[in-house]
Amino acid sequence: MNVCNNYIAGEWLAGAAVTVNRNPSNVADVVGEYAQADAAQTRTAVAAAKAAFPAWATGSIQERSNILDRAGSEVLARKDELGRLLSREEGKTLPEGIGEAMRAGQIFKFFAGEVLRAAGEKLPSVRPGVDVEVTREPIGVVGLITPWNFPIAIPAWKIAPALAHGNTVVFKPADLVPGSAWALAEILVKAGLPAGVFNLVMGRGSVVGEVLVNHPDVAAISFTGSVGTGRAIAAKAIGRMAKLQLEMGGKNPLVVLDDADLAVAVNAATQGAYYSTGQRCTASSRLIVTAGIHDRFVAALTAKLKSLKVDDALAAGTDIGPVVDQSQLDQDLAYVEVGKAEGATLAVGGERLQRANDGFYLAPALFTGTTNAMRIAREEIFGPVACVIEAKDYDEALALANDTEFGLCSGIVTTSLKHASHYKRHAQAGMVMVNLPTAGVDYHVPFGGRKGSSYGSREQGRYAAEFFTTVKTTYTAP
Ligand code: NDP
């Protein structure tokens with residue numbers, strides 16, 4: 001089997017070691033072998049990005065736009081193949097994998113357009129005769145560190161705006177999912193990026209990630225991942241005054257009111273809490289349900305969960321694929337035990353499943369009789385496990401929804417305009433969903449949260465410019 005190498009300074013380079021990428025639906029299936037960079041190679045990538053920066057930052061914006069557009073076209077043209085690779089290495093179902101690949105392609109297309117829309121402002125000065133211009137400039141070398149749960153979309157929504165706004169990139173994907181990252185890198189290289197503008201450095205966070213976070217020539221770090229890693233990165237990056245953007249965990253509420261359409265509520269809960277095996281930062285892991293619909297909702301959701309097919313991510317008809325690996329499965333199973341020990345009722349699921357191939361299959365779990373003080377309602381589990389918290393009315397439901405250290409996404413299912421409007425205004429989250437699952441967002445609008453979920457400016461859409469540029473104010477006298 002050929003080893004897929006890192007891309008550093010315009011060359012595909014072997015690493016200091018090799019990692020074997022395995023399929024979580026079938027651990028006997030080896031997806032590929034991937035180079036692991038060491039600290040010295042990571043520093044070489046940073047030096048290459050630094051050297052490439054001046055020409056890229058000031059070069060032809062038409063060329064920049066064309067390259068991103070070509071990359072987007074190729075991702076879209078190869079969405080089935082890329083989606084298959086993604087599902088094979090991460091475990092989300094094939095339709096979800098293809099959908100994610102499409103999203104990555106659309107992101108590159110969007111930012112190909114953004115290159116040409118880099119608007120500034122011209123204002124009158126308070127001093128007669130003086131002109132004031134406000135413009136945006138790239139920041140320099142950016143280090144991009146991504147998690148395993150969206151192996152192509154999250155890299156795309158960091159790489160595309162970074163390049164579009166004139167920065168050069170050192171990209172470190174999660175060690176569990178090098179395949180999608182490598183395929184994306186190959187597409188970017190083919191699209192015509194000059195040497196050094198984009199560097200792929202696969203390897204451990206404790207090695208490659210550490211270098212990026214601490215390197216004085218990396219002007220900005222954009223990270224998506226767990227709260228613990230995010231906080232550790234923040235302490236180091238802020239210490240050296242690097243620009244920082246963190247997207248971390250969630251414990252997202254979905255409120256279901258008495259007046260909700262039951263089918264809409266069950267669909268939103270199923271999709272939001274369990275699809276993509278619940279491994280989404282936007283997953284609705286807290287289902288806050290008012291008393292009048294509680295029993296009907298629990299019965300309908302339990303029946304729905306029993307009907308879902310948990311199986312190989314690539315098999316036709318699979319609703320829920322495996323958990324990503326053994327350690328995540330262990331964490332999910334441990335939380336199921338925590339929930340039982342805390343006194344919640346396990347209404348359905350929560351046990352490991354055996355399938356034709358040896359994989360990390362878990363029956364989607366629903367806890368009822370949960371209070372918002374329990375650990376299963378407070379800590380991010382990051383698996384197909386959700387809990388129902390009963391509320392007496394809308395006011396209590398809203399208070400429970402906001403009673404969390406996180407603030408990524410917050411949802412409500414209701415037919416009441418009054419309650420929907422109030423919730424949109426008072427939910428303490430970066431994103432609010434009305435009659436929709438908390439997971440599943442558009443690619444052209446801001447993504448991000450509040451409180452412990454996020455730090456720094458928003459990702460995606462036009463708002464990505466906040467992070468990937470720095471503002472200059474120029475005064476001109478005649
Ligand atoms: P981790 O925080 O473990 O890892 C995220 C990335 O950081 C990986 O690339 C990892 O490398 C790297 N990393 C680890 N240690 C360091 C370090 N010391 N310095 C620099 N980089 C480091 O998260 P997971 O990949 O396990 O992803 C799951 C988590 O991500 C969940 O908790 C989830 O909530 C969160 N998440 C949040 C999202 C959001 O937008 N809010 C979106 C998606 C996920 P390595 O390859 O070694 O693992």
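Since this is a predicted model, take the numbers as computed values, not measurements. (Residues numbered from 1 in each chain as written. Predicted model: local features only at pLDDT ≥ 70, side-chain atom pairs only at ≥ 80, totals over all residues. Heavy atoms only, no water.)

1. Remarks on the sheet that holds strand β22 (residues 431-434)
Strand pairing in a sheet relies on backbone hydrogen bonds, with the paired strands running either antiparallel or parallel. Ordered by their spatial adjacency, seven strands build an open sheet running β15-β18-β19-β14-β13-β21-β22, and the pairing between neighbours is mixed. Strand pairing shows two members of the sheet lacking a second neighbour, β15 (345-348) and β22, which therefore form its edges. Between one strand axis and the next, the sheet turns through 25° on average, direction left out of account. Where helix α10 (residues 291-307) meets the sheet, its contacts fall on β13 (253-256), β14 (286-290), β15, β18 (365-368) and β19 (385-391), and the angle it forms with β14 comes to roughly 140°. Lying on the sheet, helix α11 (residues 326-342) is in contact with β15, β18 and β19; it crosses β18 at an angle near 15°. (Pairing = 2+ DSSP bridges. Helix = DSSP H or I, 4+ residues; strand = E, 2+ residues; numbered from the N terminus. Axes fitted to C-alpha atoms, helices over the stretch in contact; angles between N-to-C directions. Contact = heavy atoms within 4.5 Å.)

2. Some thoughts on the domain arrangement of the protein chain
Split into domains, the protein chain comes out as domain 1 (3-248 + 453-476) and domain 2 (253-434). Distance between the C-alpha centres of domain 1 and domain 2: 31 Å. If you look at the interface, domain 1 gives 24 residues, while domain 2 gives 29 residues. On the domain 1 side of the contact with domain 2, Ser-25, Trp-148 and Ser-453 bury the most area, a combined 25% of that side's loss. Scanning the region where domain 1 abuts domain 2 turns up one salt bridge. (Domains from an automatic or database assignment. Buried area = accessible area lost by both parts, 1.4 Å probe. Salt bridge = Lys/Arg side-chain N within 4 Å of Asp/Glu carboxyl O.)

3. A word on helix α2 (residues 61-77)
In this model, α2 (17 residues) spans 24 Å end to end at C-alpha, consistent with the 24 Å of a helix rising 1.5 Å per residue. Every buried residue of α2 is accounted for by Arg-64, Ser-65, Ile-67, Leu-68, Ala-71, Gly-72, Glu-74 and Val-75. Against α1 (39-58), α3 (79-90), α4 (94-115), α5 (153-164) and α6 (178-190) lie the buried residues of α2. N-cap assignment for α2: the residue whose side-chain oxygen lies 3.2 Å from the backbone N of Gln-62 is Ser-60. (Expected span 1.5 Å × (residues − 1). Buried < 20%, exposed > 50% of the residue type's maximum accessible area, 1.4 Å probe, protein only. Polar contact = N/O pair within 3.5 Å; in protein donor to acceptor, adjacent residues only side chain to side chain.)

4. What to know about the environment of Val-218
Mapped onto the secondary structure, Val-218 falls in the loop between α7 (205-214) and β11 (220-224). Judged by its relative accessible area of 1%, Val-218 is buried. Through-space distance from the C-alpha of Val-218 to that of Ala-237 is 9.6 Å; in sequence the pair is 19 residues apart.

5. Here we look at the packing of α3 against α6
Interhelical geometry of α3 versus α6 gives an angle of 155° and a closest axis separation of 8 Å. In this view, α3 runs roughly antiparallel relative to α6, as classed from their interaxial angle. Each of Leu-82, Leu-85, Leu-86 and Glu-89 in α3 lies in contact with α6, whose residues at this interface are Pro-178, Gly-179, Ser-180, Ala-183 and Ile-187. Split into classes, the residues belonging to the contact of α3 with α6 amount to six nonpolar, two polar and one charged. (Parallel < 35°, antiparallel > 145°, perpendicular 65-115°, else oblique. Nonpolar A, V, L, I, M, F, W, Y, C, P; charged D, E, K, R; others polar.)

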